[in-house]
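Secondary and tertiary structure notes
Take a look at the letters that make up each chain.
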Amino acid sequence: MIAQHELRLDPLPRGFHLITREVERAVPELGGVDVGLLHVFVAHTSASLTVNENASPDVRRDFTSWFDRAVPEHADYWTHTFEGPDDMPAHIKASLLGPSLMLPVRAGRLALGTWQGVYLCEHRDAGGSRRLVLTLQS
Amino acid sequence: MIAQHELRLDPLPRGFHLITREVERAVPELGGVDVGLLHVFVAHTSASLTVNENASPDVRRDFTSWFDRAVPEHADYWTHTFEGPDDMPAHIKASLLGPSLMLPVRAGRLALGTWQGVYLCEHRDAGGSRRLVLTLQS
Amino acid sequence: MIAQHELRLDPLPRGFHLITREVERAVPELGGVDVGLLHVFVAHTSASLTVNENASPDVRRDFTSWFDRAVPEHADYWTHTFEGPDDMPAHIKASLLGPSLMLPVRAGRLALGTWQGVYLCEHRDAGGSRRLVLTLQS
């Protein structure tokens, strides 16, 4: 079985956001799957996806701090600057974290570890609505 | 359905290169797939794959600028240096971006966003021909 | 065909460790697969997986050197510090490398390049046992 859905997320502020529940709700077939895989893909080049700690908001804030220092705005080596100082760093951050996740499914649920959640990583100051493509296999 | 193909890319200069069309052409079954996933894997440890902006060559040049600064040659902490100063940084860059992509397929085409393209990231000065393994599921 | 297994790794010291053989042995169906994909997922937020050079231990040591400099402990911008100075850097490193790999399978074996191996990346000083979820498709 293979099923594909779209999930459109309302605009989120720049930063790292837990979207595990939104992803699960967007795939109605998930509850009936014994063993499978769920692919989550973000159809943009300045937002990305990752899995990390689902509890403390401190972790998500520290992600922002590290990524903003590792990929600085206003560096003198940027040449792709006409869309604003947050654009080119957003492209780099998006590729460092990647545009997709593949998550195991077991007994009708994502088989994540106890502390794992899915993050939508919004790297633009005003990225707007983001479109995800979700593909479930079983 | 599952189908696997190899794609051998001619040597590319160090940098980031759009290969979306080469990938699509290497999988003849793609046009007949309604809903599926395409896995792209690079069988090397000093090249990688990512998805990013498919329009402006500025973006791909700025990728090179950032990665060359983030993972410098000639750092005093490298011990694996006998294959040249570009070798160990190439291994790190390869893992930061990753050896594979999983891309959604819809209606006979890769279901990428408007601005998304597939990059072959060549991290060596003379990496030579690169071999990709493409696996289509539907 | 889809089959899922768990692999529990004994505690490993902080660093980068080859686990290709452990992964292959944990999936008994692998030997009978002509064409397929193997998904490997680590169910933790301070360890990750990557593919890189399988020969020289120098490479794995240099991975540690680079990641420890790129994501420093004791930086003044960390706020999530109550689990120790290695905790928040471990979360960042885990997301930079990612929680999962998808590997091509051909003729009963992982279709890796000659020099490629699977790394378990342990980012904590005392991370303990790590649990992997392995999902084979063919």
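In this text the structure is predicted, and so the values were computed from the model without any measurement.

Quick notes on the sheet that holds strand β2 (residues 15-18) of chain C
All names here are of chain C. Taken in spatial order, the 3 strands of this open sheet run β2-β7-β4, and their pairing is antiparallel. For this open sheet the edge positions go to β2 and β4 (47-53), each flanked by a neighbour on one side alone. Across this sheet, the average inter-strand angle for adjacent strands is 35°, counted without regard to direction. Judged from the 4 bridges that link them, β2 and strand β7 (residues 116-122) form a sheet pairing that is antiparallel. From the neighbouring strand, Gly-15 faces β7, where its bridge partner is Glu-122. Helix α2 (residues 57-70) contacts β2 and β4 of the sheet and is inclined by roughly 150° relative to β2.

Thoughts on the relation of the copies chain C and chain B
Superposition record for chain C on chain B: RMSD 0.0 Å, screw rotation 120°, translation along axis 0.0 Å. Viewed as a symmetry operation, the transformation between the two copies matches a three-fold axis. Of every C-alpha in chain C, the one belonging to C:Leu96 sits nearest the axis of rotation, 3.5 Å from it. A share of only 11% of interface residues in chain C that are also interface residues in chain B marks the association as one of differing surfaces.

Overview of the interface of chain C and chain B
Taken together, the contacts link 27 residues of chain C with 24 residues of chain B. At the level of secondary structure, the elements contributing two or more residues to the side of chain C that touches chain B comprise β3 (35-42), β4, α2, α3 (87-97) and β5 (100-106) of chain C. In terms of residue count, the dominant contributor to the side of chain C that touches chain B is α2(C) (7 residues). Within the side of chain C that touches chain B, the residues separate by chemical class into 13 nonpolar, 9 polar and 5 charged.

A few points about the interface of chain B and chain A
A common way to state how big an interface is: give the accessible area lost once the parts meet. At the junction of the two partners, chain B supplies 27 residues and chain A supplies 24 residues. Among the elements of the structure, β3 (35-42), β4 (47-53), α2 (57-70), α3 (87-97) and β5 (100-106) of chain B are those that each provide at least two residues to the side of chain B that touches chain A. The greatest single-element share of the side of chain B that touches chain A, amounting to 7 residues, is contributed by α2(B). Counted by class, the side of chain B that touches chain A contains 13 nonpolar, 9 polar and 5 charged residues.

Cut-offs and rules
- Residues numbered from 1 in each chain as written.
- Chains lettered and ligands numbered in written order.
- Predicted model: local features only at pLDDT ≥ 70, side-chain atom pairs only at ≥ 80, totals over all residues.
- Pairing = 2+ DSSP bridges.
- Helix = DSSP H or I, 4+ residues; strand = E, 2+ residues; numbered from the N terminus.
- Axes fitted to C-alpha atoms, helices over the stretch in contact; angles between N-to-C directions.
- Contact = placed C-beta atoms within 7 Å.
- Least-squares fit on C-alpha atoms with pLDDT ≥ 70 in both.
- Nonpolar A, V, L, I, M, F, W, Y, C, P; charged D, E, K, R; others polar.

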